[in-house]
Amino acid sequence: MPTLSDPTATLILQIAKIGKEHPSHPDLRFIDPFAGIVLADGNLDINHLDDLDGAITRRELLARFLLLSAVLDQGPDMVGLRQWVQRITNDLYRQQIDFLHNPIRFFEKLRVGIDKLLEQHECVKKLRAEDWARSNRTNPNRYNLFMDNARQALGYAVFRWGVPLALIHLLHQDRGDSTTPLLDHLETYPSTEKMTQKIKDDPRYGLGKAIGDKGAHLFGKWLVSSFSLIRRQEESWQGLSYEVPFDSNAGRVLWRTGYLLKWATEDDYTHHKTPVLQKGRGKGGKNYLRVTNIRGMSPSRRLNLPSEICEAYNEICITHLKTHTKAPQKIEIQRIQHAYLLLHNKENPASPLSAGDFDDGLIFIGTHYCFNHDKPQCPECPISNHCEGYQKRQDLITEYRT
Ligand code: SF4
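Below, the structure is looked at part by part. Residue positions are given per chain, counting from 1 as you read along its sequence in written order. Whole-chain, interface and lining totals are the exception, using all residues; otherwise, since this is a predicted model, local features are given only for residues with pLDDT of at least 70 and side-chain atom pairs are given and counted only at 80 or more. Side-chain measures here rest on the full set of heavy atoms in the structure, leaving out hydrogens and waters.

Turning next to helix α5 (residues 110-136). Per the convention used, a helix needs a DSSP run of H or I reaching at least four residues, while a strand needs a run of E reaching at least two, with both numbered from the N terminus. Here the expected span of a helix is defined as 1.5 Å times the quantity of residues minus one. Over its 27 residues, α5 runs only 34 Å from end to end, short of the ideal 39 Å by more than 12%, given 1.5 Å per residue. What is called the bend at a residue is the angle between a pair of axes, fitted to the seven residues leading up to and ending at it and to the seven starting from it. Of all the bends found along α5, the most pronounced is centred on Arg128 and spans about 50°. Buried residues of α5: Val112, Gly113, Ile114, Lys116, Leu117, Gln120, His121, Val124, Arg128, Ala129, Trp132 and Ala133, and no others. Only heavy atoms matter for contacts: two residues are in contact if any of them lie within 4.5 Å across the pair. Those residues of α5 hidden inside the fold are in contact with α3 (78-94) and α6 (153-174). Arg137 lies just past α5 and shows a positive phi near 50°. Throughout, exposure labels follow a simple rule: accessible area from a 1.4 Å probe, protein chains only, divided by the maximum for the residue type, with under 20% read as buried, over 50% as exposed, and the rest as partly exposed.

What follows is the structure, given as structure tokens:
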């Protein structure tokens, strides 16, 4: 199919294939409560996911941890952040504070939780700060895993850890004897995408500002694609049923490769209602990119998208995301790659690619080659042949930061 060999398709498919080989998700092998769930090779023991572990199933236990992790999974150093969450979880479980099984235990033992947050932050800082500072050409003293550059353990514990744990506790109360109250609740929504919206803004169960768009979509990606925990079989709960999370690594790669400039101009990104491009507001006075703000933005240019891509786009919105019941009036930039992936999957049913693969590819490239400074590792980067910034426009690399 010629559409799948055009430069846009080539870039999208190459990124997704890289992501399939280099998945990005929390490593569960060294987290105590999952000792019986994860095999030595890191894969889940899928034959026993529905076995009981106390009053809930292992599947539910894992979904709870992923929800908490999705809320927490942001900041300058993902590796350190995940180590921090792992260490706190293990420390609490070793003191019989089984907060994933019984979320109320986290609040009852808040003092221990706060102590562990602070203590383990120092341990991870000692292990990670120098490497992190070297990769990012910054000062190791700036290493801080608390969000929004805050340093208050109480606020972090109660807001970021407490809100998702309170949701699980509430679902326990509302759903009586269910062994999978969180999963039962999530699966009431018609699609993963709808679930990611409701996990934020449902009037009773929404986490509100405790979770961002990125975190909500990360949760969807992990549940559906990374760990296959969802029991519903429809396409609206499969690999193209949620939008890409778009963290800062993803945004940097999409910008530098020229991908985002295929759909809109710098001016459009600057003047979007939630600006994607903020002139002069990045590190060192460079232009700051906040790609998570792209959601809902339409291409400004008259796009001559091939008709099969337009049809695939409509199918994505109606059947997979379930955000529309008929063909949408406008295209949204953050969903365009889904149409290419869907066409690829129809042509190659034995080797499908998901939105999660695309996201994982962006994360892998962003964290291994496309560093947030003037001299990323372009010669070694696996997509350098398709990268506008490397091939033609150095300013896409030197003048923008995420
Ligand atoms: S070639 Fe360079 S600028 Fe382009 S994606 Fe790779 S590391 Fe980033």
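Counting 121 residues, the largest nonpolar core has Phe34, Trp161 and Tyr269 as its most contacted members. Segmentation of the chain into domains, including their bounds, is taken from an automatic or database domain assignment. Counting contributing residues, this core receives three or more from each of domain 1 (2-16 + 245-401) and domain 2 (26-187). Ignoring anything within four residues of it in the chain, the contact list for Phe34 reads Leu28, Leu61, Leu62, Phe65 and Leu100. Working definition of a nonpolar core: buried Ala, Val, Leu, Ile, Met, Phe, Trp, Tyr and Cys residues. They are joined through side-chain atoms within 4.5 Å.

Turning to the sheet that holds strand β5 (residues 400-401), a few remarks are in order. Pairing between strands is defined by DSSP: at least two bridges between them are needed. Pairing within the open sheet is mixed, and its three strands lie in the order β3-β4-β5. Single-partner strands in this sheet number two, and they are β3 (277-278) and β5. The pairing of β3 with strand β4 (residues 287-289) spans two bridges and is antiparallel. Across the sheet, the residue bridging to Gln278 is Tyr288, located in β4.

What follows concerns the site of the ligand. Neighbouring residues of the ligand: Arg256, Thr257, Tyr369, Cys370, Cys378, Cys381, Ile383, Ser384, Cys387, Tyr390 and Ile397. For the ligand, the cavity whose grid points lie within 2 Å of the majority of its atoms is the largest cavity. The residue inventory of the shell around the ligand, partitioned by class, reads eight nonpolar, two polar and one charged. By convention in these notes, a residue is near a molecule or strand provided one of its non-hydrogen atoms lies within 4 Å of it. Put simply, the grid is 1 Å and covers the protein atoms alone, a cavity is a trapped set of points that fit a 1.4 Å probe, a pocket is an open set with protein on both sides within 12 Å along at least five of seven lines, and lining residues have an atom within 4 Å of a point. Occupancy of a cavity or pocket is assigned to a molecule whenever over half of its atoms lie within 2 Å of that pocket's grid points. Any residue that is not Ala, Val, Leu, Ile, Met, Phe, Trp, Tyr, Cys, Pro, Asp, Glu, Lys or Arg is counted as polar, Gly included; the first ten are nonpolar and the last four charged.

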